[in-house]
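# Examining the three-dimensional arrangement
Here's the letter readout for the chains.
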Amino acid sequence: MSHLSERPEKPVVGVSLPHESAVLHVTGTALYTDDLVYRTKDALHAYPVQVMKARGRITALRTEPALAVPGVVRVLTVADVPGVNDAGMKHDEPLFPDEVMFYGHAVAWVLGETLEAARLGAAAVEVELDEQPSLITLEEAIAAESFHGARPVMETGDIDAGFAESAHVFTGEFQFSDQEHFYLETHAALAYIDEAEQVFIQSSTQHPSETQEIVAHVLGLHSHEVTVQCLRMGGGFGGKEMQPHGFAAIAALGAKLTGRPVRVRLNRTQDLTMSGKRHGFHAEWKIGFDADGRIQALDATLTADGGWSLDLSEPVCARALCHIDNTYWIPNARVAGRIAKTNKVSNTAFRGFGGPQGMLVIEDILGRVAPLLGLDPMELRKRNFYQPGLGQSTPYGQPVPQAERIAGTWQQVEANGGIADRKREIAAFNAAHPNTKRALAITGIKFGISFNLTAFNQAGALVLIYKDGSVLINHGGTEMGQGLHTKMLQVAATTLGIPLHKVRLAPTRTDKVPNTSATAASSGADLNGGAVKNACEQLRERLLQVAASQLGSNASDVRIVEGVARTLGSDKELAWDDLVRTAYFQRVQLSASGYYRTEGLHWDAKTFRGSPFKYFSYGAAAAEVEVDGFTGAYRIRRVDIVHDVGDSLSPMIDIGQVEGGFVQGAGWLTLEDMRWDTSDGPNRGRLLTQAASTYKLPSFSEMPEEFNVTLMENATEEGAVYGSKAVGEPPLMLAFCVREALRQAAAAFGPSGVSVELAAPATPEAVYWAVQAARESDASGNGDARNGFASNGHAADGGIRTEAKALSGA
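Rules behind the numbers
Residues numbered from 1 in each chain as written. Predicted model: local features only at pLDDT ≥ 70, side-chain atom pairs only at ≥ 80, totals over all residues. Heavy atoms only, no water. Salt bridge = Lys/Arg side-chain N within 4 Å of Asp/Glu carboxyl O. Helix = DSSP H or I, 4+ residues; strand = E, 2+ residues; numbered from the N terminus. Buried < 20%, exposed > 50% of the residue type's maximum accessible area, 1.4 Å probe, protein only. Contact = heavy atoms within 4.5 Å. Core = buried A, V, L, I, M, F, W, Y, C linked by side-chain atoms within 4.5 Å. Pairing = 2+ DSSP bridges. Axes fitted to C-alpha atoms, helices over the stretch in contact; angles between N-to-C directions. Parallel < 35°, antiparallel > 145°, perpendicular 65-115°, else oblique. Left-handed = near helix turned anticlockwise from the far one by under 90°. Nonpolar A, V, L, I, M, F, W, Y, C, P; charged D, E, K, R; others polar. pLDDT = per-residue confidence, 0-100. Expected span 1.5 Å × (residues − 1). Phe/Tyr/Trp six-rings, centres within 6.5 Å; stacked < 30°, edge-to-face > 60°. Polar contact = N/O pair within 3.5 Å; in protein donor to acceptor, adjacent residues only side chain to side chain.

## Structural notes on the pattern of salt bridges
In total, this model carries 56 salt bridges according to the counting rule given. Of the charged contacts, one joins Asp178 and Lys344 as a salt bridge, the two residues approaching to 3.9 Å between their closest N and O atoms. On the criterion of sequence distance, the pair formed by Asp178 in the loop between strand 8 (168-176) and strand 9 (188-193) and Lys344 in the loop between strand 15 (333-341) and helix 10 (355-369) is long-range, its members being 166 residues apart. Overall, Lys344 belongs to the buried group, its relative accessible area being 6%. Here Asp644 ties to Lys725 by a salt bridge, and the two come within 2.6 Å at their closest N and O atoms. Of the two residues, Asp644 sits in the loop between strand 28 (634-643) and helix 17 (651-670) while Lys725 sits in the loop between strand 29 (706-711) and helix 18 (736-747), which places them 81 residues apart along the sequence. Linked through salt bridges whose partners overlap, the residues forming this network are Glu363, Asp364, Arg368, Arg381, Arg739, Glu740 and Arg743.

## A closer look at the environment of Leu440
When you line up the elements, Leu440 lands in strand 16 (residues 436-449). Once the C-alpha coordinates of Leu440 and Ala745 are considered, the two residues, 305 residues apart in sequence, prove to be 8.1 Å apart. Not counting residues within four places of it along the chain, the set of residues in contact with Leu440 comprises Met378, Ile419, Arg422, Ile426, Ala622, Ala623, Glu624 and Gln744.

## Quick notes on the nonpolar core
Of all hydrophobic cores here, the largest spans 110 residues; its most connected members are Ile287, Phe289, Leu302, Ile641, Phe662 and Leu742. Of the residues forming this core, the biggest block, 9 residues, is contributed by strand 27 (residues 615-628). Cys536, Leu543, Val546 and Val580 belong to the second largest nonpolar core, which has 51 residues in total.

## Observations concerning the sheet that holds strand 7 (residues 153-156)
Strand order across the open sheet formed by 6 strands is 7-15-14-13-8-30, with mixed pairing between neighbours. Single-partner strands in this sheet number two, and they are strand 7 and strand 30 (800-802). Sheet twist, expressed as the mean angle between neighbouring strand axes with direction ignored, is 10 degrees. Each of strand 7, strand 13 (281-289), strand 14 (295-307) and strand 15 touches helix 9 (residues 313-322); the most contacted strand, strand 15, lies at about 155 degrees to it.

## A look at the packing of helix 6 (residues 208-219) against helix 7 (residues 244-258)
Viewed as axis vectors pointing N to C, helix 6 and helix 7 meet at an angle of 45 degrees, and their least axial separation amounts to 9 Å. With respect to helix 7, the element helix 6 is oriented oblique. Between helix 6 and helix 7 the crossing geometry is right-handed. Contact residues: Glu210, Thr211, Ile214, Val215, Val218 and Leu219 in helix 6; His245, Ala248, Ala249, Ala252 and Leu253 in helix 7. Residue classes in the contact of helix 6 with helix 7 are distributed as 8 nonpolar, 2 polar and 1 charged.

## Focus: the confidence of the model for the protein chain
Parts of the prediction with low pLDDT should not have their coordinates interpreted in detail. In this model, the protein chain carries an average pLDDT of 95, and 96% of its residues clear a pLDDT of 70 or more. Ignoring residues within four places in sequence, the model shows residues 784-798, a span with pLDDT below 50, making 40 contacts including any to other chains. For the stretch residues 804-810, pLDDT sits under 50, and the model shows 11 contacts to residues farther than four places along the chain or on other chains.

## With respect to the pairing of strand 8
Taking burial as the measure, the 9 residues of strand 8 include 8 buried ones, the bulk of the element. Here strand 8 pairs with strand 30 via 3 bridges, running antiparallel. Across the sheet, residue Phe170 finds its bridge partner in strand 30, namely Thr802.

## So, the packing of helix 18 against helix 19 (residues 764-776)
Running from N to C, helix 18 and helix 19 point in directions that differ by 40 degrees, and their axes come no closer than 8 Å. The hand of the helix 18/helix 19 crossing is right-handed. Residue-level inspection shows Leu742, Ala746 and Ala747 of helix 18 in contact with helix 19, the latter providing Val767, Ala770, Val771 and Ala774. Per-class residue counts for the contact of helix 18 with helix 19 are 7 nonpolar, no polar and no charged.

## Topic: helix 6
Taking 1.5 Å per residue as the helical rise, helix 6 with its 12 residues ought to reach 16 Å, and the 16 Å between its terminal C-alpha atoms agrees with that figure. Counting buried residues in helix 6 gives 11 out of 12 residues, a clear majority hidden from the surface. Among the residues of helix 6, Pro208, Ser209, Glu210, Thr211, Gln212, Ile214, Val215, Ala216, His217, Val218 and Leu219 are the ones counted as buried. On its buried face, helix 6 sits against strand 10 (199-203), strand 11 (226-230), helix 7 and strand 20 (508-509). One or two positions beyond helix 6, positive phi appears at Gly220, with a value near 70 degrees.

## What about the packing of aromatic side chains?
On inspection of all chains with the given rule, the structure shows 19 aromatic pairs. Centre to centre, the rings of Phe385 and Trp410 are 5.2 Å apart; their planes meet at 70 degrees, and the pair counts as edge-to-face. With Phe385 in the loop between helix 11 (377-383) and helix 12 (404-416) and Trp410 in helix 12, the pair connects residues that are 25 residues apart, well separated along the chain. The interplanar angle of 85 degrees and the centroid separation of 5.5 Å between the aromatic rings of Phe451 and Phe456 together place this pair among those described as edge-to-face.

## Quick look at the environment of Glu116
On the secondary structure map, Glu116 appears in helix 3 (residues 115-124). Taking the relative accessible area as the measure of exposure, Glu116 reaches 42% and is therefore partly exposed. As a C-alpha pair, Glu116 and Tyr47 span 69 residues in sequence and 9.0 Å in three-dimensional space. Only 2.7 Å separates the side chain of Glu116 from the side chain of Arg119, close enough to count as a polar contact.

Structural data, given as structure tokens:
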């Protein structure tokens, strides 16, 4: 076992503990960024001047009327920027634009003594616009060839030979929706200037170091003149990785110009209309199978809806390509990626970061073609799993370790869920109920863990031991409810060999740990845990030397367990507090800076080859659904999940993450239907679903009636801290099974062997049209392809087409 993964005697990691802030959350005493304004004297409130047109060049901006509004202190415009007028890392996101690029684009900000004064002032600002033609949908952007950013191509094997050797070849299209983060806490920042003219910002951000960097270049400062702190976030899901920077910069600019604290806090409608979403995708594909249903070749083009600026669209697109194989070996492949430039908000990171989009494409393909191949969808999936010991690699050239866990988690789900018996029960139920059908589907996942950009795979920590034996941890990760801080407390207590109550964690801030990566890519515990462990190991080694001198032994023979230092084979012991006090008087340093970098990574973005991931997380899930044939309404009767988190650092936290990720994935795939005004009217480009009343989120009523989550046992990951694996993003993709079960339930209303297309999200309306198409299908299984509708009201799919040799059985 590796040094990194080995656990000491009586570890605190692996113990089920509640979230470290759980009591604060449920009692309402946990502080979030916007709570701090009420503890801040003389704060000004910022309000955006939004232009409600999809695209146009600003010809006039008159701020004087706003200054006449009582309580308005200042209007911020481009003329006030002392540094770089840009809020992004690609320099394509002007903080104060001269061209409106999406409906609701903020072109100026009003500072007021009260939020209401700022709102009235913003309403008084006059903006004249030379309107320009806009592109709202992916179809429009593709037709206009409106693309930006890199256009990677991933290739492996011989694609032409693969299709030539295929007995069955199918082609099709698939378009699926974006998704709103809908975190409970909207974007917020609070900035003030201290007596040394340094800028201090409280920000709801997943990436404090990048927020610091953006604010510094907007203000024309160096990074050491800007400090960013994040207490915690009320949810992030990737939406606060890049997008908080501009809001923090507005707050900081206002504070710099007025000398007073400035608060930015978006209301829900502003947050929905000004911040990016999960990227919607369009896929065009061609796939070949041999006579036994094994994939021979895949040729696909994935187009991501990037919105008006690049943001993180390039790495999102790259990760989608890297995950199109999911759990399946594809010997010959050519997959191209591109990013559409549309006049919508700039889409950004969202839990899974392109991985779900790539994996959804292959799962949709297999769900659609299985009936045409005469195979049960479960069997088709199993036939194409990566197999251990065969030297199989991903299409980008990375070997797949622990491939046996793909089938292992699947088989455990089959056993735990009694799948064989339940399939028979479902068949009997469907035969007896012509207007209600049930179905059961299983899908698996293989998700790569690490940032695709190798440089991001590093972290730092600062651990302090005080004279009384108490310990304070600083690390670069941010807490958004996912339990990272809880795990870091457990890692520190385990490494030092002390009880958990001895350890406290400080808020994340850039003047304690510099140059941190975003808390993203499911890597928070891996990276920061490695750094915290490294710092604690340095301290422990120093203390072991002190303990050895007190106990009269060699340091190598001393163990610190549950706060007591003992020598092996001796009754002598030294309490932790006494040990620390002794170390202090011996002038032993009681602070340490820790560092961790993920080893073994390599990625060439130009050739799209390498090993970008430290390891893969695996899992499988089964969902049983029931569909009403009259309305398309459905319910999830039962879900069984087996998920690989290695040796869990904190099992209660991890099970919560699996449950939450699954439900969020089910929301994306079945409920969350984003609608935009695509008409040529005055509101073209407006987000129509800009409130919880019109945007359907998962609630208790959508939870599975029976929900069973099991963490895979004996699953140590040698390359990660204390043998654990990441848990943040992978469980979201387990929800594919819900959509596949809905597809099979809809097909059950038609003749045997019917192939059903299903929109994503598979809303009750979409399921209803799938049911209708299945009913109208002929016995050959060729149904009307118009059964699904995407969120924009257009046909969801271009239909599935079978090449002639497949029909002839060639």
